[in-house]
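Notes for the structure review
The residues making up each chain are set out below.
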Amino acid sequence: MESAVWEKVKDHPCYSEEAHHYYARMHVAVAPACNIQCNYCNRKYDCANESRPGVVSEKLTPDQAVRKVIAVANDVPQLSVLGIAGPGDACYDWNRTRTTFARVAKEIPDLKLCISTNGLALPDHVAELCDMNVDHVTITINMVDPEVGAEIHPWIFYKHRRYTGVEAARILHERQMLGLEMLTARGILIKINSVMIPGVNDEHLVEVNKWVKERGAFLHNVMPLISDPKHGTHYGLIGRRGPKAMELKALQDRLAGGATLMRHCRQCRADAVGLLGEDRGQDFTLDHIADEVTYDASKRNAYREVVARERGDHVVAKSEALETVKATGSGRSLLVAVASKGGGRVNEHFGHVREFQIYEASPRGISLVGHRKIEQYCLGGWGEDSALEGALAALDGIEVVLCAKIGECPKARLTAAGIRAIDDYGYEHIETAIGTIYAAEFGGGSLAATA
Ligand code: CLF
Ligand code: SF4
């Protein structure tokens, strides 16, 4: 990667898989209005228990948003990016987006600014995005064929008119491509988000991947449709299902070699705060924030120094682990579910896991290929049997679970399901642990202990 590009992505948890172990994002829900309808979206208000895009607990004015950003920056040293990602469209609700960014940039100049948009209004704001030093823009592109698009986006509102069906999808498509080309020509890094909707665009996303690669997209993030009748979305209500974890992985594997894939997305809420995969949004609702807040850079600065050292060690550990894997001479791949709460280490107890990071080890590398959410197994000292059943279902296709600690009972249940639970590498770098296990499995190395 060119050094100028690395400088832009090295602290961005979404644009760099490595950075996501160390750095956090926050979203402020300042842009509630939207100019299109997606069949997977219901901009529901006040539902704190759901984690999916478009859902927020409170919408903010730009003034409130600035206070919140300062409060989070003072308290969450990992914070490196401010994103505006709904619950509507950041480019359509432009005045609120622009005002918020301008005010935050004045208070905390080193915070990266990031937006997510459906692309319809994007070309109108490219010049201002460049002026505001926005280096990262996400465009949600689910189709390049308007016939497919009409099944996903029933209407758009454009130039004071409502359009429907294929005509609407054609306009949306043209505006998305125009915005993408304008931004890449100006050196802004573009991530494309695509929602994988089985039976609608799953096959078609191969074509989308080609188009966005040809137009210079930096990353392509294929996310699973989240669909449930309780969400009140069109797809939820008609019973359109999301893809299974292994179906998503199969499509992502097919796309390897095309536009570079992002595989660590957590489909954040529009008011998410914290490392990807954790959400501290409820700690920073307005009732937790003082009326007057002043930015104090000390915690963030101290944290950056620690991360710089940690990252150096991590790079060495990764390269040694890859050598260990290659030295086995095996061509096999191994899927491992890792319990981690950050820092790139195996540092979470099995009973506390809410999501596993999924790694694939093979002679090509040891890479994060996804995550699986589960219900927390241990609550208040007791293991919940139903949660364990859910975890077993979520671990479909996984051969090894790596965690800092696991009790005898869940370990035995995992073993009975054909999954080995290993807790001998607690607080090790993830790649070091996986490399050692891989060598023991396929290369005759010795393993500290296995279930
Ligand atoms: Fe937010 Fe999106 Fe910026 Fe990241 S999220 S606006 S690029 S700062 Fe990241 Fe969350 Fe996935 Fe988005 S994990 S949903 S990709
Ligand atoms: Fe919802 Fe975003 Fe689609 Fe608008 S563009 S309908 S906010 S998912």
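What counts as what
Residues numbered from 1 in each chain as written. Chains lettered and ligands numbered in written order. Predicted model: local features only at pLDDT ≥ 70, side-chain atom pairs only at ≥ 80, totals over all residues. Heavy atoms only, no water. Near = heavy atom within 4 Å. Nonpolar A, V, L, I, M, F, W, Y, C, P; charged D, E, K, R; others polar. Helix = DSSP H or I, 4+ residues; strand = E, 2+ residues; numbered from the N terminus. Expected span 1.5 Å × (residues − 1). Buried < 20%, exposed > 50% of the residue type's maximum accessible area, 1.4 Å probe, protein only. Contact = heavy atoms within 4.5 Å. Core = buried A, V, L, I, M, F, W, Y, C linked by side-chain atoms within 4.5 Å. Polar contact = N/O pair within 3.5 Å; in protein donor to acceptor, adjacent residues only side chain to side chain. Phe/Tyr/Trp six-rings, centres within 6.5 Å; stacked < 30°, edge-to-face > 60°. Lys NZ or Arg CZ within 6 Å of the ring centre and 35° of its normal. Pairing = 2+ DSSP bridges. Axes fitted to C-alpha atoms, helices over the stretch in contact; angles between N-to-C directions. Parallel < 35°, antiparallel > 145°, perpendicular 65-115°, else oblique. pLDDT = per-residue confidence, 0-100.

This part takes up the site of ligand 1. Around ligand 1, a shell composed of 16 residues is seen, among which Cys14, His27, Cys114, Cys265 and Cys268 lie nearest. Here the shell around ligand 1 is composed, by residue class, of eight nonpolar, five polar and three charged.

Moving on, we get to helix 13 (residues 430-442). Between the first and last C-alpha of helix 13 there are 18 Å, a value that for 13 residues agrees with the 18 Å anticipated at 1.5 Å per step. Among the residues of helix 13, Ile430, Glu431, Ala433, Ile434, Gly435, Ile437, Tyr438, Ala439 and Phe442 are the ones counted as buried. Turning to helix 13, the residues buried within the fold contact helix 10 (298-327), strand 11 (334-338), strand 12 (355-362), strand 13 (365-373), strand 16 (400-402) and strand 17 (420-422).

The next thing to look at is the nonpolar core. One finds Val28, Leu82, Leu129 and Val137 to be the most contacted residues of the largest nonpolar core, which totals 57 residues. It is helix 2 (residues 62-75) that provides the largest number of residues to this core, a total of six residues. Residue contacts for Leu129: discarding those within four places in its chain leaves Trp94, Ile115, Leu122, Val134, Val137 and Leu183. Counting 35 residues, the second-largest nonpolar core is a separate cluster that includes Leu120, Val148, Tyr163 and Phe218.

Along the chain, the position of Gln37 falls in strand 2 (residues 36-37). From its side chain, Gln37 meets the backbone oxygen of Cys41 in a polar contact 3.2 Å long. Sequence-distant contacts of Gln37, that is, excluding residues within four places in its chain, are made with Arg43, Ile152, His153, Pro154 and Trp155.

Taken as a whole, this structure holds five aromatic pairs when the rule is applied. On the numbers, 6.0 Å between centres and 40° between planes, the contact of Phe350 with Phe356 is tilted. Take Phe350: its relative accessible area is 1%, and that puts it in the buried class. Grouping aromatic residues by their ring pairs yields a cluster made of Phe350, Phe356 and Tyr377. The positively charged end of Arg162 is found above the aromatic ring belonging to Trp155, 4.4 Å away from the centroid.

Moving on: the site of ligand 2. Residues in close proximity to ligand 2 include Cys34, Ile36, Gln37, Cys38, Tyr40, Cys41, Arg43, Pro87, Gly88 and Asn118, which together make up its full environment. Class assignment for the residues of the shell around ligand 2 results in six nonpolar, three polar and one charged.

Moving on: the sheet that holds strand 11. Strands sit in the order 13-12-11-16-17 across an open sheet of five strands; the sheet is mixed. Every other strand in the sheet has two partners, leaving strand 13 and strand 17 as the edge strands with one partner each. Here the average twist between neighbouring strands, direction ignored, is 25°. Sheet analysis places strand 11 next to strand 12, joined by five bridges and oriented antiparallel. Among the inter-strand pairings, Val336 is bridged to a residue of strand 12, identified as Tyr359. Strand contacts of helix 9 (residues 245-254): strand 11, strand 12 and strand 13, with the helix running at about 145° to strand 13, the strand carrying the most contacts. Against the sheet, helix 10 touches strand 12 and strand 13, its axis set at about 105° to strand 13.

For the rest of this paragraph, the subject is the environment of Met223. The topology assignment puts Met223 in strand 9 (residues 219-224). According to the relative accessible area criterion, Met223 is buried, its value standing at 8%. In the structure, Met223 is positioned 26 residues away from Ile197 in sequence and 9.0 Å away in space, judged by C-alpha atoms. Those residues within four positions of Met223 in sequence are excluded, and the remaining contacts are Asn193, Ser194, Val195, Met196, Leu248, Cys265 and Gln267.

The subject of this paragraph is the side chain of Arg311. Checked against the element boundaries, Arg311 lands in helix 10. Judged by relative accessible area, which is 11%, Arg311 ranks as buried. There is a polar contact of 3.4 Å between the side chain of Arg311 and the side chain of Asp11. In this structure, Arg311 is in contact with Trp6, Lys10, Asp11, Ser16, Glu18, Ala19, Tyr22 and Tyr23, ignoring residues within four places of it in sequence.

Our focus in this paragraph is the packing of helix 10 against helix 13. Remark: helix 10 packs on helix 13, axes separated minimally by 8 Å, with the N-to-C direction vectors making an angle of 10°. The angle between helix 10 and helix 13 places the two elements in the roughly parallel class. The segment helix 10 lies against helix 13, with His314, Ala317, Lys318, Ala321, Thr324 and Val325 engaging Glu431, Thr432, Gly435, Tyr438 and Ala439.

Our focus in this paragraph is the environment of Val148. With respect to the helices and strands, Val148 occurs in helix 5 (residues 146-149). Look at Val148 and you get buried, because its relative accessible area is 12%. Considering only alpha carbons, one finds Val148 and Ala391, 243 residues apart in sequence, at a separation of 35 Å. With sequence-adjacent residues up to four places away left out, Val148 is seen in contact with Met143, Val200, Asn201 and His204.

Glancing now at the pairing of strand 6 (residues 155-158). Walk down a regular strand and you will see the side chains alternate between the two sheet faces. With burial as the criterion, only one face of strand 6 is covered, namely that bearing Ile156 and Tyr158; the residues Trp155 and Phe157 on the opposite face remain uncovered. Both strand 2 and strand 6 contribute to a ladder of two bridges, which runs antiparallel. Counterpart to Ile36 in the pairing with strand 6 is Ile156. Sheet topology places strand 6 next to strand 7 (residues 161-164); four bridges connect them, and they run antiparallel.

The antiparallel open sheet is built from three strands, whose spatial order is 2-6-7. Bordering the open sheet on either side are strand 2 and strand 7, each of which pairs with just one other strand. Packing against the sheet, helix 6 (residues 165-185) makes contact with strand 2, strand 6 and strand 7, and its axis sits at approximately 110° to strand 7.

Right, let's talk about the confidence of the model for the protein for a bit. Averaged over every residue, the pLDDT of the protein is 91; residues scoring 70 or more account for 95%. Contacts of residues 45-50 to residues separated by more than four positions or lying in other chains number 18 contacts, the stretch itself having pLDDT below 50.

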